[in-house]
Amino acid sequence: MIKQIINGKVFTPHGWIQDGSVLIKDSRIKEILNNSNPVDGVDEIIDAKGSYVLPGGIDIHVHGGGGRDFMEGTEDAFVTAVEAHRKHGTTSIFPTLSSSTVPMIREALATCDKLVADPMSGVLGLHLEGPYFNMKMAGGQLPENIKVPTPEEYKPLVEDFVSLRRWDAAPELPNTEEFARYLRSKGIVVSLGHTAATPEDVERGYKAGFNHATHFYNAMTGNHKVGCYKYPGVVEAVYVNDGITVEMIADGIHVPPLMLYMIYKFKGVEKTALITDALAVAASDSKKAFDPRVIIEDGVCKLADRSAIAGSIATMDRLIKTAVQKAGIPLEDVARMASETPARIMGVYDRKGSLERGKDADIMMFDADLNLTGVVQMGRNIAID
């Protein structure tokens with residue numbers, strides 16, 4: 001099956017192609033063309049009608065959608081959530097579990113192993129957000145599941161499954177340097193999160209393998225006073241370490257637009273990824289979160305006592321619109337942070353993250369007002385909401 005997307009403003013690693021086209025054969029990009037002349041032998045023409053044609057969104061931190069949460073662990077829950085986000089531009093996804101019990105993690109990993117084996121699923125690996133966190137920075141995490149890492153617990157999870165691709169922890173906890181070194185030896189991304197680490201803790205963690213920061217600014221300390229003196233927190237330690245990449249929840253609520261721009265300006269496009277951190281209520285008519293402690297209010301998920309934000313209801317198209325229209329970040333840089341940078345962080349840029357010949361045909365299209373107009377995932381047309 002050969003398709004051609006024509007009449008688009010096509011964004012490539014070399015810049016924009018005005019009135020360009022993308023030629024797709026089956027699930028791969030066959031060619032990027034600098035014109036919109038229909039090619040002989042094309043089975044289907046997709047008219048972009050002047051839309052921006054961008055690489056598909058890659059969400060590396062997302063808890064659920066479509067009314068389902070990845071903590072459920074079942075294939076039905078995974079597929080429902082993945083399909084809900086796909087309709088909003090997320091063509092590749094790393095399902096995320098909040099701090100969970102070992103049986104819950106094992107069930108989710110078994111499901112993820114199965115889906116990762118199918119390239120058409122869009123699932124690229126599992127992300128564990130916890131349970132090795134600082135209790136003082138638990139936020140929306142389930143406190144009864146939070147603990148200190150032990151090799152007897154985490155090594156079997158790595159050895160028994162193939163789909164674990166990222167694990168978040170607080171680097172100030174006991175045993176985390178050994179934890180990070182072991183995971184890095186297995187090719188797993190180690191991210192610092194839900195942490196009150198000192199800059200010295202961050203540096204030690206970085207040397208052991210912590211090279212990413214979970215939902216930057218959220219559930220981590222910033223500059224603060226002790227007595228009459230100011231002290232830097234995790235935020236400042238991450239800013240000055242060029243080896244640590246970050247992710248930002250660009251819903252305009254978790255991190256205000258001015259601070260979204262600050263992250264972009266100071267960490268840069270190559271070090272910053274957009275994430276939804278979405279819960280089950282995202283891309284859904286449901287108003288009920290998987291966690292009974294959580295309410296939806298003011299366009300975001302909160303703990304019912306309003307002590308902490310507990311996740312978003314955002315989708316990929318909302319991230320892109322917010323980052324451009326509210327934070328003032330150029331669309332071409334937002335496109336890279338939504339696709340290229342997460343692909344590089346997670347080690348899949350060889351096949352995802354940009355519109356290039358031979359890569360997977362994962363594509364988002366947006367009109368001049370940044371409304372989503374089309375999605376193609378692995379060469380398939382996706383009906384959008």
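Look a little higher up for the structure.
Reading the values: rules and limits
Residues numbered from 1 in each chain as written. Predicted model: local features only at pLDDT ≥ 70, side-chain atom pairs only at ≥ 80, totals over all residues. Heavy atoms only, no water. Helix = DSSP H or I, 4+ residues; strand = E, 2+ residues; numbered from the N terminus. Buried < 20%, exposed > 50% of the residue type's maximum accessible area, 1.4 Å probe, protein only. Polar contact = N/O pair within 3.5 Å; in protein donor to acceptor, adjacent residues only side chain to side chain. Patch = residues over 30% accessible without salt bridge, like charges linked within 9 Å, V, L, I, M, F, W, Y side chains within 5 Å. Areas by Shrake-Rupley, 256 points an atom, 1.4 Å probe, with all protein chains shown as cover. Salt bridge = Lys/Arg side-chain N within 4 Å of Asp/Glu carboxyl O. Pairing = 2+ DSSP bridges. Axes fitted to C-alpha atoms, helices over the stretch in contact; angles between N-to-C directions. Core = buried A, V, L, I, M, F, W, Y, C linked by side-chain atoms within 4.5 Å. Parallel < 35°, antiparallel > 145°, perpendicular 65-115°, else oblique. Left-handed = near helix turned anticlockwise from the far one by under 90°. Contact = heavy atoms within 4.5 Å. Nonpolar A, V, L, I, M, F, W, Y, C, P; charged D, E, K, R; others polar.

Q: Sorry if this is basic, but what is going on with the side chain of His212 here?
A: With respect to the element layout, His212 can be found in strand β13 (residues 210–213). For His212, a relative accessible area of 1% corresponds to the buried category. A distance of 2.9 Å separates a polar atom in the side chain of His212 from a polar atom in the side chain of Glu247.

Q: For this particular structure, what's the right way to read a nonpolar patch on the surface?
A: Nonpolar side chains collect at one region of the surface, where Val226, Tyr229 and Tyr231 lie side by side and expose about 330 Å² of accessible area between them. Among the structural elements, Tyr231 can be located in strand β15 (residues 229–231).

Q: Explanation requested: the sheet that holds strand β10 (residues 126–129) in the structure shown.
A: Sheet strands pair by backbone hydrogen bonding; their relative direction is either parallel or antiparallel. Strand order in this open sheet of eight strands is β6-β9-β10-β11-β12-β13-β16-β17, and the pairing throughout is parallel. This sheet does not close on itself; its edge strands, each paired only once, are β6 (57–62) and β17 (272–275). Sheet twist, expressed as the average angle between the axes of neighbouring strands with direction ignored, equals 25°. Across three bridges, strand β12 (residues 189–192) lies against β13 in parallel orientation.

Q: What exactly am I supposed to notice about the nonpolar core here?
A: With 78 residues, the main nonpolar core has Trp167, Leu192 and Phe216 as its most contacted residues. Within the second largest apolar cluster, 15 residues are counted, among which are Val10, Ile29, Val53 and Ile363.

Q: Looking at this structure, how should I read the packing of helix α1 (residues 75–86) against helix α2 (residues 102–116)?
A: In a packed pair of helices, the relevant descriptors are the angle between the two axes and the axis-to-axis distance. Contact geometry of α1 with α2 gives a least axis separation of 9 Å together with a crossing angle of 60°. Compared by their axis directions, α1 and α2 come out oblique. The two elements α1 and α2 meet at a crossing, and its hand is right-handed. Note on element contacts: α2 touches α1 through Ala108, Thr111, Cys112, Lys114 and Leu115, opposite Glu75, Phe78 and Val79. For the contact of α1 with α2, the class distribution of residues is five nonpolar, one polar and two charged.

Shape descriptors only; they carry no functional weight alone.
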